[in-house]
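The residues making up each chain are set out below.
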Protein chains: 2
Amino acid sequence: MYRTHTCGELRKEHSGSEVTLSGWIQRVRRLGGMTFIDLRDRYGITQLVIDEKATKSLQQQVDDLGREFVIQATGKVLERESKNSKIPTGDVEVDITELTILSPSAVPPFTIQTDTDGGDELRMKYRYLDLRRDVVRENLVLRSKMAVAIRNYLDAQQFIETETPVLIKSTPEGARDFIVPSRMNQGEFYALPQSPQVFKQLLMVAGFDRYYQIVKCFRDEDLRADRQPEFTQIDCEMAFVEQNDVLETFEGLTRHLFKLLKGIDPGTFVRMPYAEAMEKYGSDKPDMRFGMIFNNMTEIAKGKDFGIFNSAEYIVAIAVDGAADYSRKQLDELTKFVQRPQVGAKGMVYVKYNTDGTFKSSVDKFYDQNDLKTWVEACNAKPGDLLLLLSGEKTCTLQQMSALRLEMGKQLGLLDKNTFKPMWVTDFPLLEWDEDTKRFHAMHHPFTAPKPEDLEMLNTNPGAVRANAYDLVINGVEIGGGSVRIFDSALQAKMFNLLGFTKEQAEAQFGFLMNAFKYGAPPHAGIAFGFDRLVSLFAGLDSIRDVIAFPKNNSGRDIMIESPSPITQEQLDELGLKINIKK
Amino acid sequence: MYRTHTCGELRKEHSGSEVTLSGWIQRVRRLGGMTFIDLRDRYGITQLVIDEKATKSLQQQVDDLGREFVIQATGKVLERESKNSKIPTGDVEVDITELTILSPSAVPPFTIQTDTDGGDELRMKYRYLDLRRDVVRENLVLRSKMAVAIRNYLDAQQFIETETPVLIKSTPEGARDFIVPSRMNQGEFYALPQSPQVFKQLLMVAGFDRYYQIVKCFRDEDLRADRQPEFTQIDCEMAFVEQNDVLETFEGLTRHLFKLLKGIDPGTFVRMPYAEAMEKYGSDKPDMRFGMIFNNMTEIAKGKDFGIFNSAEYIVAIAVDGAADYSRKQLDELTKFVQRPQVGAKGMVYVKYNTDGTFKSSVDKFYDQNDLKTWVEACNAKPGDLLLLLSGEKTCTLQQMSALRLEMGKQLGLLDKNTFKPMWVTDFPLLEWDEDTKRFHAMHHPFTAPKPEDLEMLNTNPGAVRANAYDLVINGVEIGGGSVRIFDSALQAKMFNLLGFTKEQAEAQFGFLMNAFKYGAPPHAGIAFGFDRLVSLFAGLDSIRDVIAFPKNNSGRDIMIESPSPITQEQLDELGLKINIKK
């Protein structure tokens, strides 16, 4: 037996008992003839003591020890004279009589502690050492706990966990698939799923009623900082439900997770139509931790000699709480911020609503105190607030103001990581016009049902049709999204047609789904949560990479195992493939 | 709202209340002016009644209904006059006043009932309809329940569920990998994991202490009846443990599953070394539901004039309980059975131990009654039993007798699907000699630790070295297997060398693992259960295909979605690949 207890287990009550511990050496301190070893495992740290009265051979063994050695040590638990209240085992130490080195360790390439000296690349190459750090492992323990909590919640709600296939079929619609050559059927290919979408819908046709799965999905995209080629979804589908049933079920799940894992009641989940979110926050994923709701100033601010406003399609303002004392320099920097290419505004107008009731603005030339008074009233601002205005083409202006609002939230310290404001954004547009391809794309996916009241417009004004689609947004992050599905093969065929599929293409790609709808498909709806994002939100992290045990870098490489890598000619031959790189 | 209750919910207590149900029409019966509809969903079947007094329009609607239509129906719950005790809702029916057809259905290609008329191919093509059948869905519900039970058990035992990557690196050792071309790194490839083996070992090096995952794995093999290119493993690893710790932990899990899901205590798990299993059952996965343990007759049966025995390396016998009355025809058929090429014996010898104490054998010419008496005594047979003997080269003869033993178990009805006899087979050989390649292969995998007492023989007689490897076998099916791992980079390097890897190959394939071992690797061991097999065993099925929602056929094809399939030239170009099929 390698251990009688873990390194997190011993307490005062164990004093006097003989124990064996195994673990990693966090550090060795030598004080006179005494040696103190901090022995670490996943469960904690326990102090070992090698007394000056220890045997010579034990003393010699101790001399060889270094950081990250794996040892097994046996001895008697003693109550410490000077206790360490910072760790749960701090009341005791173990007086060692026997010690075995199970594995020596070379000097690690970086220090194994919370504040490590290792850079990103190095820590990824030695990920197995990085994972030894408490801060990193705790994220993955949280992930494990969340997965168990999610499954138990959904299981109790009668959801059937069903595994859908990983080797499926490539569909050129949407993002790029990873493909897998078939050896038994040379010249043919499987694809890895971007989501189990059609399979979960088929499970509804099959009468499974409620399906869920925590499942790996794959997208061969050019990677941004917070994307991974493989990622994990909490994937769900329900039959005989309307949108409200889905929202309530998954609000329940989210609420349960907050309560169980963070001890938090996140309050009511606001439900906000997409159009309202765009008008009020300039974003379909508003951060609700703070206000600064947009005010449409288009009517109110026009008609004076300020040409920029007069020629603008849209003028929008936010009132920033208590920021009237922003200095000239701070305001200049805000102007520079909105002028950055990533934001793209031409300029910014401000109005300081001074605490003495007067106004000072960057457009005092064109607007008198009375004009500015109507502005602050329209924005419900109070003395001490700062009004910021942007103008221009409507969609762009709203987006620019969204960026400015988030920047102000950041500057004023309103993005508290321990505050959680979940909300539903609903009624997304069904279709998006794509200028490049000159055709409509599905905003959610081609299986999303239009709102019944907008059905007529599919023929007359498809771009205005709203979908029964919804996103769960928490603190400005899209955590999940879903929709009520089409369950009628005629409507599904019409959708494919609108999306530019020929009848043959639709049949080749999704014939089995449309065929399935001919045999009694129930009304159904579903949702998928980004599990990596949800965990990183709960962990208070900015990147999903830290909640993935073995992530890939931004080039899609695993630099620890050095993958992807070349394969043998024999493997290529068996697959009937040849490498054909065009320089 | 589509329903107030499910089709499995209504009882006598609901009588008088107004309810709305939704579901599929199982059947419609018309009796005089009355119509009875069996409405089905996942939860059960409820009888709907459309009275002769119903409105004309309702009557007309009912005329249009057919099997598998999805309808929504509202009415009052009535206690039935003639109750149906076979179904939980059999005390009531719903007197319908309002009915909506949610989805009509074409006539299904086969009947949706337990004994369907659909053939295998047809049911696979319309898998979404096959899954509507209770018998099929119940297997998948069992699978879901087992997964939840397994996770909760392991979670309570401090295992951390950790997702390992799906896009990994190809290793030519072992079975064939599925590979995934990289677009961002043209000419390079990922591979899909055959198991998360190295990652779970790295998690032990990382100090995770206990890891588990229910995970998809992939093997590009020529498929036998009970293999799938993608399959699911319960994958586990533990640090600071010896073999016994692993066996006890997973015996605990197995016992828990039997108790929770089958209400069974499967008794003690016998632990049997591989060598003993081979001698006693001719198999490393003995079916322990019945006896017929092998008796080595090599010494006892030689020395008379029966040349076949005299020249045989090995002679083995089983005593078949109460089968002395087997007819000549039955015995001839047994001889034919062992002579089938799949079994491969030259012939079979029998001895009938008649109830009157006399013997009748197929070798009476060579052996007298006294000889045969010593035989039956050696086999512990009693009057009424039948002795069956095979002889020849030892390994082959044992295998042939194993096949004969199973056949006898089948003929005598001893393979009861409701009896479960789990056992551990231990101490497998570390290496297997491969005649084709003239080198050793790892019997389990290259990371398996030799038994410490056999370590010396690695240099002198590698083929005789036993491994700290173990299989969980239930009813003759290998449910899982695992081993204590090597955690020393020098020993690991030696193993790679024995397996014919050059130093460069070992470094290129597993350098990161051997490198990891340099930074303090703990002793560790693990196991993986075949989840599909475990579920099919619990479900009393012979094939894993019936516990997989969307399985592939024996050519690795999904005939429902028609995959694998060709991809576009654009996709090939992006991957830097060309199809190059050599006819």
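Anything mentioned here points back to the structure above.
Residues numbered from 1 in each chain as written. Chains lettered and ligands numbered in written order. Predicted model: local features only at pLDDT ≥ 70, side-chain atom pairs only at ≥ 80, totals over all residues. Heavy atoms only, no water.

A. Structural context of the sheet that holds strand β12 (residues 295-296) of chain B. Residues and elements named next belong to chain B. Taken in spatial order, the five strands line up as β12-β13-β16-β14-β15 in an open sheet, and their pairing is antiparallel. Both outer strands of the open sheet, β12 and β15 (359-361), are each paired with one neighbouring strand and no more. Looking at chain direction, β12 and strand β13 (residues 314-320) are connected through two bridges and run antiparallel. For Asn296, the partnering residue across the bridge sits in β13 and is Val316. The strands that helix α10 (residues 369-378) touches are β12, β14 (349-353), β15 and β16 (386-392); relative to β15, the one it contacts most, it runs at about 95°. (Pairing = 2+ DSSP bridges. Helix = DSSP H or I, 4+ residues; strand = E, 2+ residues; numbered from the N terminus. Contact = heavy atoms within 4.5 Å. Axes fitted to C-alpha atoms, helices over the stretch in contact; angles between N-to-C directions.)

B. Spotlight on the interface of chain A and chain B. Counting residues at the interface gives 124 residues for chain A, matched by 124 residues for chain B. Summed over both partners, the interface of chain A with chain B buries about 11,100 Å², with 58% contributed by carbon and sulfur atoms. If you sort the residues of chain A by the area they bury against chain B, A:Glu163, A:Phe240 and A:Tyr519 come out on top, with a joint share of 7%. Here chain A is connected to chain B by 16 salt bridges. Summed over the shared surface of chain A and chain B, the number is 67 residue pairs in polar contact (both at pLDDT 80 or more). (Buried area = accessible area lost by both parts, 1.4 Å probe. Salt bridge = Lys/Arg side-chain N within 4 Å of Asp/Glu carboxyl O. Polar contact = N/O pair within 3.5 Å; in protein donor to acceptor, adjacent residues only side chain to side chain.)

C. Structural view of the nonpolar core. Counting residues in hydrophobic clusters, the biggest one holds 105 residues, and the most contacted among them are A:Leu154, A:Ile234, A:Phe250, A:Phe529 and B:Tyr128. With seven residues, the single largest contributor to this core is helix α4 (residues 134-156) of chain A. In contact with A:Ile234, other than residues within four places in its own chain, are A:Ile150, A:Leu154, A:Gln213, A:Ile214, A:Ile527, A:Ala528, A:Phe529, A:Phe531 and A:Leu534. Core analysis: the next-biggest nonpolar cluster, separate from the first, contains 104 residues, A:Ile112, B:Ala147, B:Tyr281 and B:Phe447 among them. (Core = buried A, V, L, I, M, F, W, Y, C linked by side-chain atoms within 4.5 Å. Buried < 20%, exposed > 50% of the residue type's maximum accessible area, 1.4 Å probe, protein only.)

D. Seen up close, the pattern of salt bridges. Inspection of the entire model under this criterion finds 86 salt bridges over all chains. With its nearest N and O atoms 2.8 Å apart, the salt bridge here joins B:Asp209 to A:Arg3. With B:Asp209 in the loop between α5 (197-205) and β9 (210-218) and A:Arg3 in the segment before β1 (18-31), the pair connects residues from two separate chains. According to the relative accessible area criterion, B:Asp209 is buried, its value standing at 1%. A residue is classified by how much of its surface remains accessible, and A:Arg3, at 14% relative accessible area, is buried. Note that A:Arg29 is salt-bridged to A:Asp38, the shortest N-O span being 3.8 Å.

E. Structural detail: the sheet that holds strand β6 (residues 160-161) of chain A. Read across the sheet, eight strands follow the order β6-β9-β10-β22-β21-β20-β17-β11 (chain A) without closing on themselves; strand pairing throughout is mixed. Here the strands that pair on one side only, and so sit at the sheet edges, are β6 and β11 (270-273) of chain A.

F. Region of interest: the state of the cysteines. Across all of its chains, the model carries zero disulfides over all chains by this definition. Counting only cysteine sulfurs, A:Cys236 is the nearest neighbor of A:Cys217, a cysteine outside any disulfide, at a range of 12 Å. (Disulfide = S-S within 2.5 Å.)

G. View of unusual backbone geometry. For the peptide bond that leads from A:Ser563 to A:Pro564, omega is 0°, which places it in the cis range. Of note, A:Pro564 is situated in the loop between α15 (531-538) and α16 (569-575). Positive phi outside glycine occurs at A:Glu562, with the angle close to 55°. Structurally, A:Glu562 is set in the loop between α15 and α16. One non-glycine residue, B:Glu68, lies in the positive phi region at around 70°. Relative to the helices and strands, B:Glu68 is located in the loop between α1 (56-64) and β4 (70-79).

H. Geometry of the relation of the copies chain A and chain B. If you rotate chain A by 180° and push it 0.1 Å along the axis, it lands on chain B with an RMSD of 0.2 Å. These values place the two chain copies in the arrangement generated by a two-fold rotation axis. Most of the interface of chain A is mirrored in chain B, where 100% of its interface residues are also at the interface. (Least-squares fit on C-alpha atoms with pLDDT ≥ 70 in both.)

I. The pairing of strand β13 (residues 314-320) of chain A, seen in detail. All names here are of chain A. When you tally the buried positions in β13, you get seven out of seven residues, the bulk of the element. The alternating pattern of β13 places Tyr314, Val316, Ile318 and Val320 on one face and Ile315, Ala317 and Ala319 on the opposite face, and all of these are buried. Examined bridge by bridge, β13 and strand β16 (residues 386-392) share seven bridges and lie antiparallel to one another. Counterpart to Tyr314 in the pairing with β16 is Gly392.

J. Expanded view of α5(B). For α5(B), the buried fraction is high: nine of the nine residues fall into the buried class. Within α5(B) the residues assigned to the buried category are B:Gln197, B:Val198, B:Phe199, B:Lys200, B:Gln201, B:Leu202, B:Leu203, B:Met204 and B:Val205. Here the buried face of α5(B) lies against β1 and α3 (127-130) of chain A together with β9, β10 (230-239), α14 (503-516) and β22 (524-530) of chain B.

K. Local environment of the environment of B:Glu237. Residues and elements named next belong to chain B. Take Glu237: it is sitting in strand β10. Residue Glu237 is classed as buried on the basis of its relative accessible area of 0%. With 25 residues separating them along the chain, Glu237 and Tyr212 place their C-alpha atoms 6.6 Å apart. Setting aside chain neighbours within four positions, we find Glu237 in contact with Phe159, Lys200, Gln201, Met204, Asp209, Arg210, Tyr211, Arg485, His524, Ala525, Gly526 and Ile527. For Glu237, the side chain forms a polar contact with the side chain of Arg485, separated by 2.8 Å.

L. Region of the structure containing the packing of aromatic side chains. Residue and element names in this part refer to chain A. Taken as a whole and judged by the stated rule, the model has 50 aromatic pairs over all chains. Ring pairs connect the aromatic residues Phe306, Phe309, Phe366, Tyr367 and Trp375, which therefore count as one cluster. One residue, Lys125, lies across the ring of Tyr126, its end atom 5.9 Å from the ring centre. (Phe/Tyr/Trp six-rings, centres within 6.5 Å; stacked < 30°, edge-to-face > 60°. Lys NZ or Arg CZ within 6 Å of the ring centre and 35° of its normal.)

M. Geometry of the environment of A:Asn580. Among the structural elements, A:Asn580 can be located in the segment after β23 (577-579). Not counting residues within four places of it along the chain, the set of residues in contact with A:Asn580 comprises B:Gly576, B:Leu577 and B:Lys578.

N. View of the packing of helix α7 (residues 274-281) of chain A against helix α11 (residues 394-411) of chain A. Residue and element names in this part refer to chain A. Closest axis-to-axis distance for the α7/α11 pair is 8 Å, and the angle between their directions is 65°. Mapping the contact onto sequence places Met278, Glu279 and Tyr281 in α7 and Lys394, Leu398, Ser402 and Arg405 in α11. The class makeup of the residues in the contact of α7 with α11 is three nonpolar, one polar and three charged. (Nonpolar A, V, L, I, M, F, W, Y, C, P; charged D, E, K, R; others polar.)

O. Highlighting the environment of B:Val94. Residues and elements named next belong to chain B. Counting through the fold element by element, Val94 comes out in strand β5 (residues 92-103). Val94 sits 77 residues away from Ser17 along the chain, and the two C-alpha atoms are 9.5 Å apart. When neighbours within four sequence positions are excluded, Val94 is seen to be in contact with Leu10, Val19, Leu21, Thr46, Gln47, Leu48, Val49, Gly75, Lys76 and Val77.

P. The arrangement of the side chain of A:Glu161 in detail. The residue A:Glu161 is located in strand β6 in this model. By relative accessible area, A:Glu161 is classed as buried at 9%. One polar contact links A:Glu161 to A:Arg151, side chain to side chain, over a distance of 3.5 Å. Non-local contacts of A:Glu161, meaning those with residues more than four positions away in its chain, are made with A:Arg151, A:Tyr212, A:Gln213, B:Ser144, B:Ala147 and B:Arg151.

Q. Local environment of helix α6 (residues 243-262) of chain B. All names here are of chain B. An ideal rise of 1.5 Å per residue puts 28 Å on 20 residues; α6 measures up with 28 Å between its terminal C-alpha atoms. Among all positions in α6, only Gln243, Val246, Leu247, Thr249, Phe250, Glu251, Gly252, Leu253, Thr254, Leu257 and Phe258 are buried. A positive backbone phi angle near 60° is found at Gly263, which sits one or two residues after α6. (Expected span 1.5 Å × (residues − 1).)

R. A look at the side chain of A:Asp220. Topologically, A:Asp220 is positioned in the loop between β9 (210-218) and β10 (230-239). Here B:Arg183 takes part through its side chain, which lies 3.1 Å from a polar atom of the side chain of A:Asp220. Residues contacting A:Asp220, with those up to four places away along its chain left out, are A:Arg176, A:Asp177, A:Phe178 and B:Arg183.

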